[in-house]
Amino acid sequence: MRLVIKVGSHVLTENGGIARERMMALVEFIAQLKKADYEVILVSSGAVAAGFTQLPIDRSSIENKQALAAIGQPLLMKMYQEKFAKFDLLCSQVLLSASVFDSRKATAHAKAAVDTLLSNGVVPIINENDTVSIEELVFGDNDRLSAHVTHYFDAQMLVILSDIDAFYDKDPNCYDDAVVRKIVHEISQEELCAEHTPNNEFATGGIVTKLQSADFLMKHGREMLLASGFDLSDAKSYLLEKIHRGGTLFTSPEKG
């Protein structure tokens, strides 16, 4: 089974830098998935945060974010390479812009490269090419990119590991009686068009871009799991033990 795992900025950063322990836990999880015969594509945020550790400039302007991403991307990849090496795994950098998915030819070329990496046991690490393409810097924190990667690169499921551990019936930050919606077959237009609520200085997404990603995938016959990136136990139990303990599974009615 082919999976796309997307990890957001909030999970990968703490105190203005990269959260190395959480990154290590993620890499170990991917190693476990590969042993369980999953093909894993990783979509990783964190380049801007990594760049900020070297050049602490104002992150409010797009130009500065682009510069920080350019500095941070190789640093981020170096960290991943060192951690994957502990499990005798190779990883690779694949920088994509959203426009890749506007062209069948470009999509096919990108998919062929990713297919080749996966067939050789390499973990492709995908990020938006932030230096030349700013859409995800402004809006989405790679959520949309990961949904497109899942669909166009023929993965069956997207797993979003986030500071948002599930989709609730109401905002859990405001209501103590908020209940997790464990399985979702349909998302309302009102939910898809709500105001964006990123929770972190490096993050640009929120629940809305995750719901938009889930809606896109369900309409294309694919599934999405939203679970905590701080505590991977819900994702592990679902993917490795086939037990749905926590998090939200978005799946079309036919699949559910």
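See the structure shown above.
Small disclaimer: the values here were computed from a predicted structure and weren't measured.

Throughout the structure, instances matching the rule amount to 12 salt bridges. Here Asp143 makes a salt bridge to Lys210, at a shortest N to O gap of 3.1 Å. Taken together, the residues span a long stretch of sequence, with Asp143 in helix α7 (residues 143-152) and Lys210 in helix α9 (residues 207-219) at a distance of 67 residues. By relative accessible area, Lys210 is classed as buried at 5%. For Lys170, the salt bridge is made with Asp177, and the minimal N-O distance between the two is 3.3 Å. What makes Lys170 partly exposed here is its relative accessible area of 30%. Judged by its relative accessible area of 49%, Asp177 is partly exposed. Residues participating in the shared-partner salt-bridge network are Arg2, Glu39, Lys111 and Asp115.

Ring pairs (aromatic) are described by centroid distance and by the angle formed between their planes. This model, assessed by the stated rule, comprises 4 aromatic pairs. With 5.3 Å between their ring centres and 25° between their planes, Phe101 and Tyr152 make a pair best called stacked. Taken together, the residues span a long stretch of sequence, with Phe101 in the loop between β5 (91-96) and α5 (104-119) and Tyr152 in helix α7 at a distance of 51 residues. Accessibility expressed as a relative area gives 10% for Phe101, which makes it buried. Its relative accessible area of 31% is what places Tyr152 among the partly exposed residues. Aromatic rings pair up to connect Phe101, Tyr152 and Phe153 into one cluster. Here the basic side chain of Lys170 rests over the ring of Tyr175, its NZ or CZ set 5.3 Å away from the ring centre.

The mixed open sheet is built from 8 strands, whose spatial order is β5-β6-β4-β1-β7-β9-β10-β8. Strands at the two margins of the open sheet, each flanked by one partner only, are β5 and β8 (183-184). Note: strand β9 (residues 223-228) against strand β10 (residues 248-250), 3 bridges, orientation antiparallel. Looking across to β10, one finds that Leu226 is bridged to Thr248. Where helix α2 (residues 20-35) meets the sheet, it contacts β1 (2-7), β4 (39-44), β6 (123-128) and β7 (157-162), and its direction lies at approximately 175° from that of β1.

So, on to helix α10 (residues 233-240). What α10 keeps buried is the set Ala235, Ser237, Tyr238 and Leu239. Looking at the buried positions of α10, the neighbouring elements they touch are β1, α2, β7, β9 and β10. Looking one or two residues past α10, Lys242 carries a phi angle of roughly 60°, positive in sign.

Bringing the packing of α2 against α10 into the picture now. Packing of α2 against α10 brings their axes to within 11 Å, and their N-to-C directions diverge by 5°. As summarised for this structure, α2 and α10 are arranged roughly parallel, according to the angle between their axes. Here Phe29, Gln32 and Leu33 of α2 lie close against α10, whose contacting residues are Ala235, Lys236, Leu239 and Leu240. When its residues are assigned to classes, the contact of α2 with α10 shows 5 nonpolar, 1 polar and 1 charged.

Procedures and definitions
Residues numbered from 1 in each chain as written. Predicted model: local features only at pLDDT ≥ 70, side-chain atom pairs only at ≥ 80, totals over all residues. Heavy atoms only, no water. Salt bridge = Lys/Arg side-chain N within 4 Å of Asp/Glu carboxyl O. Helix = DSSP H or I, 4+ residues; strand = E, 2+ residues; numbered from the N terminus. Buried < 20%, exposed > 50% of the residue type's maximum accessible area, 1.4 Å probe, protein only. Phe/Tyr/Trp six-rings, centres within 6.5 Å; stacked < 30°, edge-to-face > 60°. Lys NZ or Arg CZ within 6 Å of the ring centre and 35° of its normal. Pairing = 2+ DSSP bridges. Contact = heavy atoms within 4.5 Å. Axes fitted to C-alpha atoms, helices over the stretch in contact; angles between N-to-C directions. Parallel < 35°, antiparallel > 145°, perpendicular 65-115°, else oblique. Nonpolar A, V, L, I, M, F, W, Y, C, P; charged D, E, K, R; others polar.

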